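Structure at a glance
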Amino acid sequence: MTAVQPKGASTAGADAGALLRLDDVTVRFGARAALDTVGLDVAEHEIVCVLGPSGSGKSTLLRAVAGLQGLDGGRIVLGGRDQGGVPAHKRGVGLMFQDHQLFPQRDVAGNVAFGLRMHGASRAEQALGVAELLDLVGLPGAQKRAVSSLSGGEQQRVALARALAPRPRLLMLDEPLGQLDRSLRERLVAELRELFGELGTTVLAVTHDQGEAFALADRVVVMRDGRIAQSGTPLEVWRNPADEFVARFLGFDNVVDATVTGEAADTVWGKVPVPDGTRQGACRLLVRPAGVRLVGAREGLACVVTARTFRGTHVAVRLEPPGGPRLEAACALRDAPAVGETVGVAFDSGDVVVLG
Ligand SMILES: Nc1ncnc2c1ncn2[C@@H]1O[C@H](COP(=O)(O)OP(=O)(O)OP(=O)(O)O)[C@@H](O)[C@H]1O
């Protein structure tokens, strides 16, 4: 779809391809701002995942874009058109909610055809559309099945087919895989990404699950208290969390006060090497677990191992240094020390991040 530009509007600039634009969007409930001057662009064909803790404003953001929630300030522009006053059903966005709300009395075909019927498709068009969509979501031939006979993952696929049926210019997903077990989620996330890529669908999804967001998204947006704390590719956000809130939200807890002098920082854990070009002076410092290296007990910082957690690809080892905050190290299974052992710890500058 080509974004319609208002007369005289410039097409130059980084946002020329934005299908969706939020300018200073504000939504208040009483004195509290659920969205506080939020600015966000979503480009055509982009998959953006909004992440954040409970109550940070994710669902309100989706509801505002969908037209289900009025604004107290700012504007939402979709396909070049200000959506102020445009009712939800005229916005051309598809919505899929966590509890997928299928019609239990209708079969699979009846559910998927719903969106097509609403758009005035003939019976023949509906049948063709339903068959195509079911193929697309990996449920070929499921037309006549009762919704109640489907597994959670299958219901999720039907809900997705229904949301895709009217070919929305923007598909919005609210915790799309929230109720499914982890292995199914991981599989479906990979499939969804592939499917959206093939269809060229523009997607705005919200989730509180960072694994899901990082696997699905071209770009992740981390929210905190109705504001955007950070926006970037999964790799950018993972490598350089903007601040301590984002770092801790991503599960990084090795954060400490530091004073950078030259190529190292003084901390309660001793000297920690910092990347080249790090700003000098006082800061908060993050050491990713991969940068906490175990060395001989007499070298480095002596720590006692207090817990080990198997994480599939590695073991998370919890370490208690004398007097300082706890540390977590990521170790290969064969290298992981036993609980109660005393080990030495050294730090790798490649996994050290100065937080804003
Ligand atoms: N209809 C409403 N009336 C009053 N307050 C509301 C309403 N909807 C949301 N809120 C408040 O706005 C804030 C943001 O809520 P929102 O549902 O957008 O958060 P969320 O990030 O989606 O949370 P969750 O992950 O728990 O779904 C919360 O403090 C919530 O209590």
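The coordinates are above.
Here's what I pulled together on the structure shown here. Because the structure is predicted, anything quoted here is derived from the model rather than measured.

Overview of the site of the ligand
The environment of the ligand is formed by Phe-29, Ala-34, Gly-52, Ser-54, Gly-55, Ser-56, Gly-57, Lys-58, Ser-59, Thr-60 and His-208. It is helix α1 (residues 58-66) that provides the largest number of residues to the shell around the ligand, a total of three residues. In the shell around the ligand, the residues fall into two nonpolar, eight polar and one charged.

Examining helix α4 (residues 152-164)
With 13 residues, α4 should cover 18 Å at 1.5 Å per step; its first-to-last C-alpha distance of 18 Å lies within 8% of that length. In terms of residue burial, α4 counts as a mostly covered element, since 10 of its 13 residues are buried.

Here we look at the sheet that holds strand β20 (residues 352-355)
With antiparallel pairing, the five strands of this open sheet are ordered in space as β13-β12-β11-β14-β20. The open sheet has two edge strands with one neighbour each: β13 (270-273) and β20. Neighbour-to-neighbour, the strand axes of this sheet turn through a mean angle of 45 degrees, independent of strand direction. As defined by bridge partners, strand β14 (residues 281-287) adjoins β20 across four bridges and the pair is classed as antiparallel. Looking at the pairing, Arg-284 lines up with Leu-355 of β20.

Cut-off values and rules
Residues numbered from 1 in each chain as written. Predicted model: local features only at pLDDT ≥ 70, side-chain atom pairs only at ≥ 80, totals over all residues. Near = placed C-beta within 6 Å. Helix = DSSP H or I, 4+ residues; strand = E, 2+ residues; numbered from the N terminus. Nonpolar A, V, L, I, M, F, W, Y, C, P; charged D, E, K, R; others polar. Expected span 1.5 Å × (residues − 1). Buried ≥ 20, exposed ≤ 12 C-beta atoms within 10 Å, placed from the backbone. Pairing = 2+ DSSP bridges. Axes fitted to C-alpha atoms, helices over the stretch in contact; angles between N-to-C directions.

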